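Structural overview for review
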Amino acid sequence: MKTYWLLICSLIFTLAAATTEARQAPRTGAEQMDKYLPLLTGKRVGLLVNQTSLVGEQHLVDALLEKNIQIKAIFAPEHGFRGNHDAGAKIDSGVDERTGIPVWSMYGESKKPTAEQLQQLDMIIFDIQDVGVRYYTYISSMHYMMAAAAEFNIPMLVLDRPNPNGAYVDGPVLDLAFQSFVGMHPIPLLHGMTVGELALMIKGEGWIEQAAKLALTVIPVAHYRREQPYELPVPPSPNLPNQQAIKLYPSLGFFEATPLSIGRGTPFPFQVVGYDKFAIDGFNFMPVSTPGAALTPPLMDKQVYGEDLRQVAAEGLSLAYLMRWNQLFSANASEMFTAPAFMDKLAGTDQLRLQITQGLSEAAIRQSWQADLQRFRQQRQPYLLYPDYVAK
């Protein structure tokens, strides 16, 4: 009887501990300094970081300097080291005014660091908050840094962060014939992985040259489940200012290949859709030049009419907005995909554009992805750091 009660108490304790852990907030890799500071002692370090690279409320660069880590270089992705450049704007190299550390652009003439920029480094750290959408370019910058680290035999450390769209695996898998900086890997539009898991997959699948040479370490997020909601502490880029924009981004990003506005140059980017010549719904807005976010936004200084999506329930990928507007353009004898090549790069295939213009239903389009998505789910299994999740 005593043994029975001991087993019952042990089970209750285990369940209580599991429940307590499940309720704990995710703890990013950067916040677990005890796990990676020993790897940096006596090393000359370079960091690929931006404004999201926080340890609590302190930037990772400042936190490491306080620990007397030798930081020799900072590498800046799209939007810059401080996150205050327009989407697509060229980022210049320079010196960080606060620390005096050289800042090298990875979004200028070259997107891969040079031998000269890396020659003083013994370790490279990647710590940037991603949003889990293939055409968001931070993972492309990580790809190029991994390739350079492999080429020049420099160990690389990835400090993992949650994926705010991590519950979803959806959309077309990229066909390498459409590979570009807005889609470098044969993964779905919504891949459901963290940057740490993607780094492991990039190395493991040989998606960079000399992948086997790369000494890669990932510090996982503690207390993380990919399906749990995660509010980002700071905007990951100027035009994703809040959780609603991040949730709508997978669905509205395709409009970048059209003449429509998705709110760049307004207080609510990626939360509205509109056009100046014909409209869906009665909402109206006017994009204006907004330095640091949208210097020359589409339909600038024009009255735009369309949809206000700030309060809609946005989850995963929806084709409804794209298909509804394409029907309106067709009814007005106009072409919506005015940049078809860019649309195909965003989609990772030309099939999505063709399916929409041919009038296929959303259900039929989604069915065409399923076999590829199932293969991807199997392919990614060895690289998952957190339990898999199939969204209902």
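Computed from a prediction, not measured in an experiment: that's the story for all the values here. (Residues numbered from 1 in each chain as written. Predicted model: local features only at pLDDT ≥ 70, side-chain atom pairs only at ≥ 80, totals over all residues. Heavy atoms only, no water.)

**Observations concerning the side chain of N326**
Convention followed: Numbering of helices and strands runs from the N terminus; a helix is a DSSP stretch of H or I covering at least four residues, while a strand is a stretch of E covering at least two. Note on contacts: a residue pair is in contact if any heavy atoms of the two residues lie within 4.5 Å.
Here N326 is to be found in helix α8 (residues 320-331). Those residues in contact with N326 that sit more than four places away from it in its chain are M336, F337, I356 and T357.

**Focus on the pairing of strand β6 (residues 102-105)**
Put simply, the rule is: For the exposure calls, accessible area comes from a 1.4 Å probe over protein chains only, and a residue counts as buried if that area is under 20% of its type's maximum, exposed if over 50%, partly exposed in between. Two strands pair under a simple rule: DSSP has to find at least two bridges between them.
Residue alternation in β6 divides its side chains into a buried set, V103 and S105, and an unburied set, P102 and W104. Sheet analysis places strand β4 (residues 70-76) next to β6, joined by 3 bridges and oriented parallel. Pairing of I74 across the sheet is with V103, part of β6. In the sheet, strand β5 (residues 94-95) pairs with β6 via 2 bridges, with the strands oriented antiparallel. Among the inter-strand pairings, V95 is bridged to a residue of β6, identified as P102. Counted between consecutive antiparallel strands, the loop separating β5 from β6 contains 6 residues, among which G100 sits at a positive phi close to 80°.

**Points about the sheet that holds strand β13 (residues 283-285)**
Using the following cut-off: Structural elements are reduced to axes, namely lines fitted to C-alpha atoms, with helices fitted over the stretch in contact, and the angle between N-to-C directions of any two is expressed from 0 to 180 degrees.
Across the sheet, 3 strands lie side by side as β12-β14-β13; this open sheet has antiparallel pairing. Among the strands making up the open sheet, the edge pair consists of β12 (272-275) and β13. With direction set aside, neighbouring strand axes in the sheet form an average angle of 40°. Relative to strand β14 (residues 304-308), β13 runs antiparallel, the two sharing 3 bridges. In the sheet register, F285 faces β14, and the bridge partner there is V304. Most of the contacts of α8 go to β14, to which it runs at about 150°, and overall it touches β12 and β14.

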